[in-house]
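# Secondary and tertiary structure notes
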Amino acid sequence: MRLFVLLMLALAAPLANAGARDQLDAFGAGMQGMAADFRQRVYDPDGELLESSSGKLQLRAPRQFRWEVVEPFPQLIVADGTHVWIHDPDLEQVTVRIQSHEEQGSPLSVLVDPTELERQFKVSEAGQADGLAWLDLDPVKPAESPFEKARLGFDAKGLVVMEMHDGLGQRTQVRFSDWQRNPAVAADTFRFTPPPGTEVVGEKAQAAEVMPLAD
């Protein structure tokens, strides 16, 4: 299942008459954390639905997030600030990756670090459609990017939709709802300990030596 593992977002202040770029620039003001529900769909080149999933997102600036798929099959992704842990309960397996590798080429990395915007992407206003203001992000180095084009759609309250188009013609769409700004979260929300009996693959040795960011 294709998932966005890099969702380091902030909640936009209401900007009823602003363009998409203005709303993007407003992201992050006064934000230390947030939570939302999401629904993700993957479409083939003909527009046929291939995959659908839903769940909950939590994040804390600058680098921690929790992406939990609830339906149709449970899956958990936790970024603790140094590593990304991907847990598939049905497979009893955890894949560990260095977080900096996960961040490369993400269209949402610019929401955490605005200085990356022009360095990584060619940015253009895409006008209004479906009641949203759209912003197009085209990779500056297409050969090094996992996608050909990304789109962000905003309404008056902030980010509503993220879309990514890959080289095979597939389109992945994520819709966000019920944003909560600076919610209270449990201390262990952005930490992950593999359950007993779970196989750990990937950057296992490094992950064991590196502690998560302090609360």
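The structure presented is a predicted model; accordingly, all values stated were derived computationally and were not measured.

Calculation notes
- Residues numbered from 1 in each chain as written.
- Predicted model: local features only at pLDDT ≥ 70, side-chain atom pairs only at ≥ 80, totals over all residues.
- Heavy atoms only, no water.
- Pairing = 2+ DSSP bridges.
- Helix = DSSP H or I, 4+ residues; strand = E, 2+ residues; numbered from the N terminus.
- Axes fitted to C-alpha atoms, helices over the stretch in contact; angles between N-to-C directions.
- Phe/Tyr/Trp six-rings, centres within 6.5 Å; stacked < 30°, edge-to-face > 60°.
- Lys NZ or Arg CZ within 6 Å of the ring centre and 35° of its normal.
- Buried < 20%, exposed > 50% of the residue type's maximum accessible area, 1.4 Å probe, protein only.
- pLDDT = per-residue confidence, 0-100.
- Contact = heavy atoms within 4.5 Å.
- Polar contact = N/O pair within 3.5 Å; in protein donor to acceptor, adjacent residues only side chain to side chain.

## Digging into the sheet that holds strand 11 (residues 171-181)
In space, the 12 strands of this open sheet follow the order 7-8-9-10-11-1-2-3-4-5-6-12, with mixed pairing throughout. At either margin of the open sheet sits one strand with a lone partner, and together these are strand 7 (121-129) and strand 12 (199-202). Between one strand axis and the next, the sheet turns through 20° on average, direction left out of account. Two elements, strand 3 (residues 64-71) and strand 4 (residues 75-79), share 5 bridges in a ladder whose sense is antiparallel. Opposite valine 69, over in strand 4, you have glutamine 75 as the bridge partner.

## Here we look at the packing of aromatic side chains
Aromatic ring pairs are described here by two measures, namely the spacing of the ring centres and the angle between the planes. Scanning the entire structure with this criterion turns up 3 aromatic pairs. Over the aromatic face of tryptophan 134 sits the side chain of arginine 151, whose NZ or CZ is 4.3 Å from the ring centroid. Sitting over the ring of tyrosine 43, arginine 171 keeps its end group 4.4 Å from the ring centre.

## A look at unusual backbone geometry
With an omega dihedral of 0°, the bond running from glutamate 71 to proline 72 counts as a cis peptide bond. Among the structural elements, proline 72 can be located in the loop between strand 3 and strand 4. Unlike most non-glycine residues, glutamate 92 shows phi in positive territory, near 55°. The topology assignment puts glutamate 92 in the loop between strand 5 (83-88) and strand 6 (93-98). A relative accessible area of 52% means that glutamate 92 is categorised as exposed. Even without a glycine there, the phi angle at aspartate 130 is positive, about 55°. A relative accessible area of 74% places aspartate 130 in the exposed class.

## A few points about the confidence of the model for the chain
Here the chain averages 76 in pLDDT, and 72% of its residues register 70 or above. Mean pLDDT values over the elements of the chain span from 47, in helix 5 (residues 204-209), up to 92, in strand 5. When the criterion is pLDDT under 50, residues 1-17 qualifies, and its contacts beyond four places in sequence or with other chains add up to 75 contacts. In the model, residues 205-215 has pLDDT below 50 throughout and makes 15 contacts with residues more than four positions away in sequence or in other chains.

## Looking at the side chain of glutamine 173
Mapping glutamine 173 onto the fold places it in strand 11. Exposure remark for glutamine 173: the relative accessible area of 10% places this residue in the buried category. Here the side chain of glutamine 173 touches glutamate 163 through a polar contact of 3.0 Å, side chain to side chain. Among residues more than four places away in sequence, those in contact with glutamine 173 are Arg39, Gln40, Arg41, Tyr43, Val161, Met162 and Glu163.

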